[in-house]
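Structural features, examined
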Amino acid sequence: MRATSRSRRTVLGALLLCGALTATGCGAKTGDAAGGGKAVAADTSGDTVKVGLLNSLSGTMAISEVTVRDAVKLAIEEINASGGVLGKKIRPVSEDGASDWPTFAEKAQKLIREDRVAATFGCWTSASRKAVKPVFEKNRSLLFYPVQYEGLEQSPYIFY
């Protein structure tokens, strides 16, 4: 791999993760009572910050999504090797959407509420994105959607 492309990927990954950490305020609430649920704070205690990886690791979409998950994990490894983001190492928490849209929504809820991730990277299809959109909006948590999409949709909680 050329050093230039590796450097660009590292910088892009660092910017995305830094944006996620800054947007969540490194411990700010990712949900509130107005969102219909109990307030949830991203777990930024200690020297790590968790980010969610939500991809199909099984089922029909695994052939496309496993490589996306692996690329994000590689970017996280490179960022951590360079000292992390804002003085903290990034710790990925991976969940399998299993190529099933209701499972994507269930796993998104788990990442936000139980794992208390600062942001989530994932989904591949429009159907999976549409399934998790209300979860991220309700919990006021961030999703970084990795592929182009058809448009006609917007959310302050999704980077398209």
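Residues numbered from 1 in each chain as written. Predicted model: local features only at pLDDT ≥ 70, side-chain atom pairs only at ≥ 80, totals over all residues. Heavy atoms only, no water.

A word on the pattern of salt bridges
Per the stated rule, a full pass over the model turns up ten salt bridges. Here Glu153 and Lys130 are joined by a salt bridge, their closest N and O atoms 3.1 Å apart. One end of the pair, Glu153, is in the loop between strand E4 (143-144) and strand E5 (158-159); the other, Lys130, is in helix H4 (residues 126-139), with 23 residues separating them in the sequence. Take Glu153: its relative accessible area is 11%, and that puts it in the buried class. Overall, the relative accessible area of 44% leaves Lys130 in the partly exposed class. (Salt bridge = Lys/Arg side-chain N within 4 Å of Asp/Glu carboxyl O. Helix = DSSP H or I, 4+ residues; strand = E, 2+ residues; numbered from the N terminus. Buried < 20%, exposed > 50% of the residue type's maximum accessible area, 1.4 Å probe, protein only.)

As for the packing of helix H3 (residues 101-113) against H4
The N-to-C vectors of H3 and H4 enclose an angle of 30 degrees; their axes lie 8 Å apart at closest approach. Classified by the angle their axes make, H3 and H4 are roughly parallel. With respect to the hand of their crossing, H3 and H4 are arranged in right-handed fashion. Taken together, the residues of H4 that come into contact with H3 (itself represented by Trp101, Phe104, Ala105, Ala108, Gln109, Ile112 and Arg113) are Ala127, Ser128, Ala131, Val132, Val135, Phe136 and Asn139. Along the lines of polarity and charge, the residues of the contact of H3 with H4 split into ten nonpolar, three polar and one charged. (Axes fitted to C-alpha atoms, helices over the stretch in contact; angles between N-to-C directions. Parallel < 35°, antiparallel > 145°, perpendicular 65-115°, else oblique. Left-handed = near helix turned anticlockwise from the far one by under 90°. Contact = heavy atoms within 4.5 Å. Nonpolar A, V, L, I, M, F, W, Y, C, P; charged D, E, K, R; others polar.)

Details of the pairing of strand E1 (residues 48-55)
Within E1, seven of the eight residues are buried, which leaves the element mostly enclosed by the surrounding structure. Pairing geometry for E1 and strand E2 (residues 89-96), over eight bridges, is parallel. Note on E2: the bridge partner recorded for Leu53 is Ser94. In this region the chain leaves E1, passes through helix H2 (residues 62-81) and returns to the parallel neighbour E2; the handedness of that crossover is right-handed. (Pairing = 2+ DSSP bridges. Right-handed = clockwise from strand over helix to strand, strands pointing away.)

Concerning the packing of aromatic side chains
One pass over the full model with this rule turns up four aromatic pairs. Between Trp101 and Phe104, the aromatic rings sit 6.0 Å apart at their centres with planes inclined by 40 degrees, giving tilted as the arrangement. Separated by three residues within a single helix, Trp101 and Phe104 lie in helix H3, roughly one turn from each other. You can call Phe104 buried: its relative accessible area is 0%. When the centroid spacing of 4.3 Å and the interplanar angle of 25 degrees are considered together, the rings of Tyr149 and Tyr160 count as stacked. You can see Tyr149 sitting in the loop between E4 and E5 and its partner Tyr160 sitting in the segment after E5, a full eleven residues away along the chain. Of the residues examined, Tyr149 reaches a relative accessible area of 29% and is grouped as partly exposed. A relative accessible area of 31% places Tyr160 in the partly exposed class. The rings of Phe121, Phe144 and Phe159 are connected pair by pair, giving a single aromatic cluster. (Phe/Tyr/Trp six-rings, centres within 6.5 Å; stacked < 30°, edge-to-face > 60°.)

Details of the side chain of Ser99
Considering the arrangement of structural elements, one finds Ser99 in the loop between E2 and H3. Overall, the relative accessible area of 16% leaves Ser99 in the buried class. Among the polar contacts listed, one links the side chain of Ser99 to the backbone nitrogen of Met61, at a separation of 2.9 Å. (Polar contact = N/O pair within 3.5 Å; in protein donor to acceptor, adjacent residues only side chain to side chain.)

Everything listed here is a matter of geometry and, on its own, says nothing about what the molecule does.
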